[in-house]
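# Overview (structure and organization)
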Amino acid sequence: MDDSMAERLPLSRRAMALPPYLEGLNPDQRAAVEALDGPVLVLSGAGTGKTRVLTTRLAHLLATGRAQAWQLLAVTFTNKAAREMRHRVEALLGPGSGGIPWLGTFHSISAQMLRRHAELVGLKPNFTILDTDDQNRLLKQLIEAEGVDEKRFTARALAGLIDSWKNRALKPASVSAKEAHAWGEGRSTEIYKAYQERLRVLNACDFGDLLMHMIHIFQDHPDVLAEYHRKLTYLMVDEYQDTNVAQYLWLRLLALGSKNICVVGDDDQSIYGWRGAEVDNILRFERDFPGAVVVRLERNYRSSGHILATASHLIAHNRARLGKTLWTQDEEGEKVVVRGVWDGDGEARGVADEIEAWTAAAQFSAQRSDGGDLREARTNPPHSFSSVAVLVRAAWQMRAFEERFLMLKIPYKVIGGPRFFERAEVRDVHAYLRLIRSEDDDLAFERVVNQPKRGVGDSSVAKLASLARSMGVSMLRAARDILETDEIKGAARTGLRAFIADLDRWRRWAQEKSHVELAETLLDESGYTAMLQADKSPTAQTRLENLKELVQAMGQFDSLEAYLEHVQLVLDLEAGGDGDEVHISTLHAAKGLEWPLVFLPGWEEGVFPSQRAIDEGGEKSLEEERRLAYVGVTRARTKAVISFAANRQIYGRWQTVPPSRFIDELPEAHIALASETGYGAPARGGVRDGWARFSPHGAPGAGFNSAYPSPGWRRAQERGQERGQERGPHRSIERDQERVGVSKPPVIDGQARLITKSGEDDAKFRKGQMVLHDKFGRGVIRMVEGNKLVVIFESGGEKRVIDSFVRAAG
DNA sequence: AGCCCTGTCCTTTTT
DNA sequence: GGACAGGGCT
């Protein structure tokens, strides 16, 4: 440690030789940690210890007494990242040190600020934060009111547009006429304006407002900004390459005070262009903040040589980048596997089989270490399920893997999967709570006024809405008034009266009882629980369980306010404990994570890169897709398996799809080809022309492709497994072949082949023909599609897509 | 009011 | 293969 630093350390620290938190940093990391003054740009490649640098830097500022915890502003993009940073600071400096008040996401920090200054933009401090669903419903109403054709110009599209404006801190008046014209023949800005007005009346914000309001407060009220300048003397930003214009402005305004701003990022990992991120922000940093110190972190600690080389070679195809040369001292390791498979099911099957093989090694070594030969055990290190990840481009690709894993009892967890707080029943409870808290919340009112059914139907709600609008009051207020008249009759009247009485009672309740009791009471008294209990469908059961979980989650917070703030922003409940599970994730959600074994399926044109990126956006979008590929490959520590299928179901239709262009951009020297399509080297010419037809085996054979696994289906599957029923019809391509004795897919060129066990496969299937299936019995062919048959079986009567083997019946 | 059927559109990626 | 809207029916 250098002398100047030593002097700043408290005596107790100086008594030690080197602050323990600085031990083991490489020179570049050390430089990044110790450059405390002025603007600093840390260009940090994948796996180069970025988070470590950030947390050590925070620890360093605190330990040297340069700053107190409340003077630090540390911004991340995800709550997960914020949480981790907090933990790691505590790990460095001891318990309690992670209590940095201004450490969080852009949105949560900005919300915290906005609650303190809400009145400056016409809001109350307890404003509601709307989610996408609320936002869409609100916009829909406004679009209707404006008389715009909602079919041609959807609320979703407008929401996206407004969001993109807010991402650039544009108020309705600042939107250019040209952009305004992109939707609803120019009426978009009027609706935007009406929307903002409506939000104000509802005392609500959307996500974009959290930042935009603060920016305008900073700009219009210098005294407020000055207050933050005095307080916040050290700014730190994670994932700077993903900041959008609004975030940039927000940061810049705050950084004008001390100028001590340290941003960390990697231009090669900028993958959020679609939500307004500007790679340009990081490319421009040195110009924006003159005198910036630039530190490059290029030593990779994560991936083996072949993996790193593959990723580097791939990303080198991008033009818009600062350029880094990552290196590692690790060994070469295994080559990156590239595998072509027959179809999506085959891909899932292959991945599952490989996971079983990988984890089986663990059992073997465990036995060995019991028995005695430890050296052997060490050459065969144990692999847990949690050492494996499957990373996909889009969420719909997860289904095939989930299905397969369920069948084989491979435990898995979907990262960032369907969100607990977006479930209908959870949102209903939230709406009740919101309405109890604030009468103005019309969106909440509309959501639950007839949930459970109270006889207040659409027509009554419409009446209330127009009345509220004409009187300029909330719908709840209008409802109270209308009950005084006889404008509303019958069931609607009784229902509405009861609803309002309930609300008033619960509101009084809320004064004295805890928020948990409040939730329990309202679920009970509103008849919501009863409604679900009366419903015998399996989904109702799940919903009841979700509600129990919800009440439990609420108990973890001190107050209703604290809870609502949490769910509105954080939206991810810490899923109880990390079990030993395979992780399934989108590539986006995988950023910042790593696994020893990573599967990267679905590398096909139209899937990855996505069709949208190919059609629109041009080279810029494709470069972002390539960065996504780079992020994917660099998640792997010791082994990466890329795969692409020849046939895939898209919109429920079978299509033959060409391999991704990114496959051709991989460096052959670091790749091991393992093609099951028999298609050989993808890098050779003629790749994309009719190639799928030459499959030497690839009889898919993995049984059926049933309807999407509803919760009920899953449970049935699990019960079956508990009873020791067959796990999956076939376990591998080889066994498929052996079992059936054919090496061709059952259906070729749109014409079905009759597949028999003896291999007589020449007869053709046609629509209407009666067939016999090993597992499902007799059925009728409803459709021949690609290499699949759609069959209605007599047992069960549901249609199934069949890609395994059937015989002509009778 | 509510249920079932049919047709349409659809899918990136997230705070 | 699914969400959702609209129409026709009870």
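Preceding this section is the structure that the text describes.
Residues numbered from 1 in each chain as written. Chains lettered and ligands numbered in written order. Predicted model: local features only at pLDDT ≥ 70, side-chain atom pairs only at ≥ 80, totals over all residues. Heavy atoms only, no water.

### Remarks on helix H5 (residues 79-93)
With 15 residues, H5 should cover 21 Å at 1.5 Å per step; its first-to-last C-alpha distance of 21 Å lies within 8% of that length. Taken together, the buried positions of H5 are Asn79, Ala82, Met85 and Val89. Down the axis of H5, the buried side of the element spans an arc of 125°, and every buried residue falls inside it. In H5, the exposed positions angled more than 90 degrees off the buried face are occupied by His87 and Ala91. As for H5, its buried residues are in contact with helix H4 (50-63), strand E2 (72-76), strand E3 (103-105) and helix H28 (560-569). One or two positions beyond H5, positive phi appears at Gly94, with a value near 100°. (Helix = DSSP H or I, 4+ residues; strand = E, 2+ residues; numbered from the N terminus. Expected span 1.5 Å × (residues − 1). Buried < 20%, exposed > 50% of the residue type's maximum accessible area, 1.4 Å probe, protein only. Arc of directions from axis to C-beta. Contact = heavy atoms within 4.5 Å.)

### Observations concerning the protein's contact with DNA strand B
Around DNA strand B there are 24 residues in total, and Arg393, Ala395, Trp396, Gly457 and Arg612 lie nearest to it. For DNA strand B, the fraction of atoms within 4 Å of the protein that belong to sugar or phosphate moieties is 50%. A distance of 3.2 Å is found between a phosphate oxygen of DNA strand B and a side-chain nitrogen or oxygen belonging to Arg156. Taking Trp274, its side chain carries an N or O atom lying 3.0 Å from a base oxygen of DNA strand B. In terms of residue class, the surface near DNA strand B is made up of 10 nonpolar, 8 polar and 6 charged. (Near = heavy atom within 4 Å. Polar contact = N/O pair within 3.5 Å; in protein donor to acceptor, adjacent residues only side chain to side chain. Nonpolar A, V, L, I, M, F, W, Y, C, P; charged D, E, K, R; others polar.)

### Details of the sheet that holds strand E6 (residues 234-237)
Ordered in space as E3-E2-E6-E7-E1-E8, the 6 strands form an open sheet in which the pairing is parallel. Every other strand in the sheet has two partners, leaving E3 and strand E8 (293-297) as the edge strands with one partner each. Across the sheet, the mean angle separating the axes of adjacent strands is 15° when strand polarity is ignored. The sheet contact formed by E2 and E6 spans 4 bridges and is parallel. Each bridged residue has a counterpart across the sheet, and for Leu73 the counterpart in E6 is Leu235. (Pairing = 2+ DSSP bridges. Axes fitted to C-alpha atoms, helices over the stretch in contact; angles between N-to-C directions.)

### Considerations on the packing of aromatic side chains
Counted under the stated rule, the structure contains 17 aromatic pairs. Measuring from ring centre to ring centre gives 5.8 Å for Phe218 and Tyr228, while their planes differ by 75°; the resulting arrangement is edge-to-face. Taken together, the positions of Phe218 in helix H11 (residues 207-220) and Tyr228 in helix H12 (residues 222-231) put the pair 10 residues apart, joining distant regions of the chain. Arranged with centres 6.4 Å apart and planes meeting at 80°, the rings of Trp603 and Phe662 form a pair that is edge-to-face. Here Trp603, found in the loop between strand E13 (595-600) and helix H29 (611-615), pairs with Phe662, found in helix H31 (residues 661-664); they are 59 residues apart in sequence, far enough to count as distant. For Trp603, a relative accessible area of 1% translates into the label buried. On the basis of relative accessible area, Phe662 is assigned to the buried category, the value being 0%. Among the aromatic residues, ring-to-ring pairing joins Tyr432, Phe445, Phe499 and Trp506 into one connected group. Between Arg275 and the ring centre of Tyr272, over which it is positioned, the NZ or CZ distance is 3.9 Å. Directly above the aromatic system of Tyr248 lies the positively charged group of Arg284, at a separation of 4.9 Å from the ring centroid. (Phe/Tyr/Trp six-rings, centres within 6.5 Å; stacked < 30°, edge-to-face > 60°. Lys NZ or Arg CZ within 6 Å of the ring centre and 35° of its normal.)

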